Every structure is written in C-alpha cells, then in structure tokens.
Amino acid sequence: MAPNVSVPMNFGRHLLNSPTHSTLELKTKNGVTVRASSVILSFNSPVIDHMTTTLHLTSVDMEEFSEDAVRYFIDAAYSGESPPISRVLFRDINKLANVFEMSWLATRCVEQFADIAAAIKEPSYEDFFFLFEEAAFVLTNLKSREMVEIAFTKIQSLNGQQDFISRYLENLSYMSCRQLDLIIELAGTKVEFVVKPLTEQLTASLSRRETVVHANCKYLLENCELYFCHQRNIKMFEQIFDVLENITKDSLTETKWTL
C-alpha cells in the first residue's frame, strides 16, 4: 500500500519525462505506450497501487482510452492540477478517474461538467446533447446520477425539453433502454413532448405502408405515463392511437396500450 500522502499534490511536472522515474508502461488506444512513475500514480490511484505493489505489474492496459486522455490523467497525478477538459476528451478522462479511483480527479470532472452546463446561456441542441449523453453514459457505466441532475437542471432551466426531445428521438431506433428512460424522466408529466415526435414518426411509417411498430417506440409508449398526455392534450392522445391502430390493423401481432 502506498504511504499516506495527501493528494492532489504537486510532485513536479519536471519528472514527467524522466526515464529513470518512468517505470510503468501505460498502453493506450492505437498501440501507443506512455510511460509514467508507478510511485506517483500509486499515490493518486489505489487501483494502480494494487496493480504495481501487490500484483507487481510493470504495465497497465488502458487501450480503451485515447493517448491524450491518458496523458492528461498522468499530468494531473504529477501536478495535482486539472486544467479545463475539452468535450472531446471529457468522457475518457472522467472514466479514467473513476475506473482507477483517482477520487479527487473524478470530483473535478463533475465540477467541470457543472461549469460547462453553467456556461450554456441559450438553448442549443448540440450543448444539450453533450450534457445528456455524458450524463447517460455516467449513469449507465458508473452508476452515478449527479451529472444527470446537472444536465436536467440546465435543460429545464432554459425550457429546452421539447425541442431537445423532439430532435433526440429522430435516432430512436439506435437508443438504449437507459437513454429512453432518461428521455421519459426529462419529459416528466409533459408526456406530449415524447408523444408528439412519436406520432410524427409513426405517421411517416404509415405512409410507407409499414405494419410493424419499432421496439423502442413500444418501449416509450409502455413506460410513459400516457395518462398525463390524455389530461393535457386529448387530441394528441387520440391521434397517436389512431395512427397505431392503422399501422397494426393488418399485423398478426396484437398490440395494446392502456392508460
């Protein structure tokens, strides 16, 4: 076990390229190997400490992470600093911090995510998409809702739910159940934000003479509280069921949705 050293600490960036101290190989994406001090990384990461001290490993597989993200991770360990993270690198760095249990860097990632959200002053699909996707990724892979709350608060504060959900659901067939669950949660009682784009997509399917309702469409309809749509917009509620009936009337598969 590494000695009780309080991190983050500035061990000195001048040690970064020292061949004497850089005893640990970190194998990154595309076959690039980066070297670093096993001691400094062990002070910051109990996972790397176990790998090097207990398992006596001299290399660590980081092949799912980009070279730039791994270099940021190393630099943070050496310097105790966490400069602003680009959106391109954010997911890799956040996952690195969590997988290797560099807890202080994981905390900084959440803080930087909150800063990115705070800097968004006008509704923007691209900005909202970044917030939503990163939050969904963290919830799915790291089981944390903290970034979900940050993302939802920002989208809701700019009244961006309806436009965002409408555009996001354009790629409905490629989404996971986790993403669909978060869309339902983001809509809340305003279920019409989900029902409207679904109706438009189903109407387009009807015009193509399709007789099968996509599984993700079924999932949304089965898990949305359609009662709220019935209360808030009876016309839209009736419209989607009319379209569903027309699509499935010639299908052998029985399809039912109820309030």
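Structure: above.
We now turn to the structure provided with this report. (Residues numbered from 1 in each chain as written. Predicted model: local features only at pLDDT ≥ 70, side-chain atom pairs only at ≥ 80, totals over all residues. Heavy atoms only, no water.)

## Observations regarding the overall build of the protein
This is how it is decided: Per the convention used, a helix needs a DSSP run of H or I reaching at least four residues, while a strand needs a run of E reaching at least two, with both numbered from the N terminus. The globule rule used here is 2.2 Å times the number of residues to the 0.38 power, and the radius of gyration it is set against is calculated over C-alpha atoms. Between two residues, a contact is recorded if the distance between any of their heavy atoms is within 4.5 Å. Every accessible area reported is derived by Shrake-Rupley at a probe size of 1.4 Å, with residue values counting cover from the shown protein chains alone.
Counting its regular elements, the protein contains 13 helices and three strands. In summary, the protein has a C-alpha radius of gyration of 24 Å against a globular reference of 18 Å for 259 residues, an excess of more than 25%. If one aligns the C-alpha atoms of the protein with their principal axes, the spans along those axes are about 75 × 40 × 25 Å. Taking as baseline every contact in the protein between residues at least 6 positions apart, the subset at least 24 positions apart corresponds to 69%. Total accessible area on the protein stands at roughly 13800 Å², and carbon and sulfur atoms take up 50% of it.

## Things to note about the packing of aromatic side chains
Working definition: an aromatic ring pair is given by the centre-to-centre distance plus the angle between the planes. What counts, and what does not: In this scheme Phe, Tyr and Trp rings, the latter by its six-membered ring, pair at centre separations within 6.5 Å, and the angle between planes marks the pair as stacked below 30 degrees, edge-to-face above 60, and tilted otherwise.
The tally for this structure, following the rule as stated, stands at 15 aromatic pairs. Look at Y125 and F164: their rings are 5.5 Å apart centre to centre, the planes differ by 35°, and that puts the pair in the tilted class. Linking Y125 in helix α6 (residues 125-142) with F164 in helix α8 (residues 161-168), this pair joins segments that are 39 residues apart in sequence. Here F129 and Y168 contribute two aromatic rings whose centre-to-centre distance is 6.0 Å and whose plane-to-plane angle is 45°, an arrangement assigned as tilted. One end of the pair, F129, is in helix α6; the other, Y168, is in helix α8, with 39 residues separating them in the sequence.

## Concerning the pairing of strand β2 (residues 33-36)
Applicable threshold: Exposed residues in this analysis have more than 50% of their type's maximum accessible area, buried residues have under 20%, and partly exposed residues fall in between, with area computed by a 1.4 Å probe over protein chains only. When DSSP finds two or more bridges between two strands, those strands count as paired.
Side chains V34 and A36 of β2 all project onto a buried face; the interleaved residues T33 and R35 project onto a face where none is buried. Across four bridges, strand β1 (residues 24-28) lies against β2 in antiparallel orientation. Bridge pairing in β2 places K27 opposite T33. Taking the residues that link successive antiparallel strands as the turn, the β1-β2 hairpin has four residues, and the phi of N30 there is positive, at about 65°.

## Observations concerning the nonpolar core
Stated precisely, the cut-off is as follows: Throughout this description, the term nonpolar core refers to a set of buried Ala, Val, Leu, Ile, Met, Phe, Trp, Tyr and Cys residues connected via side-chain atoms within 4.5 Å.
Ranked by internal contacts, the top residues of the largest apolar core, which has 87 residues, are M62, F100 and L105. Tallying contributions element by element places α6 first for this core, with nine residues. If sequence neighbours within four positions are ignored, F100 has contacts with S45, P46, V47, I48, M51, V60, M62, F65 and F73.

## Some words on the side chain of N216
One can find N216 in helix α11 (residues 215-223). Look past the residues within four positions of N216 in its chain and what remains in contact with it is L172, S173, Y174, M175 and L180.

## Some points on the environment of F130
Along the chain, F130 falls in helix α6. The spacing of F130 and A151 is 21 residues in sequence and 9.0 Å in space, taken between C-alpha atoms. Residues in contact with F130, not counting those within four places in the same chain, are R87, F90, F113 and I116.

## A few points about the sheet that holds β1
Applicable threshold: Only the stretch in contact is used when a helix axis is fitted, and all axes are lines through C-alpha atoms; the angle between N-to-C directions ranges over 0 to 180 degrees.
Read from one edge of the open sheet, three strands run β2-β1-β3, paired in mixed fashion. Only two strands of the sheet have a single neighbouring strand rather than two, namely β2 and β3 (59-62). Direction aside, neighbouring strands of the sheet carry axes that sit 25° apart on average. Judged from the four bridges that link them, β1 and β3 form a sheet pairing that is parallel. Across the sheet, the residue bridging to K27 is D61, located in β3. Running over the sheet, helix α3 (residues 67-79) touches β1, β2 and β3 and is turned about 5° from β2.

## Points about the side chain of Q112
Checked against the element boundaries, Q112 lands in helix α5 (residues 103-118). Those residues within four positions of Q112 in sequence are excluded, and the remaining contacts are Y72, S82, P83, P84 and I85.

## Some thoughts on the packing of α6 against helix α7 (residues 146-157)
If you want to describe how two helices pack, look at the angle between their axes and the distance between the axes. Stated formally: In this scheme, roughly parallel covers angles under 35 degrees and roughly antiparallel covers those over 145, while 65 to 115 is roughly perpendicular and the rest are oblique. Whether a crossing is left-handed or right-handed is set by the direction in which the near helix is turned from the far one by less than a right angle, anticlockwise for left-handed and clockwise for right-handed. Under this grouping Gly is polar, as are all residues other than the nonpolar Ala, Val, Leu, Ile, Met, Phe, Trp, Tyr, Cys and Pro and the charged Asp, Glu, Lys and Arg.
Direction vectors running N to C along α6 and α7 enclose 155°, while the axes themselves pass 8 Å from each other. On the basis of the axis angle, α6 is roughly antiparallel to α7. Between α6 and α7 lies a crossing whose hand is left-handed. Contacts between α6 and α7 pair F128, L131, F132, E134, A135, V138 and L139 from the former with M147, V148, A151, F152, K154 and I155 from the latter. Looking at side-chain class alone, the contact of α6 with α7 contains eleven nonpolar, no polar and two charged residues.

No statement about biological role is implied by the geometric values presented.
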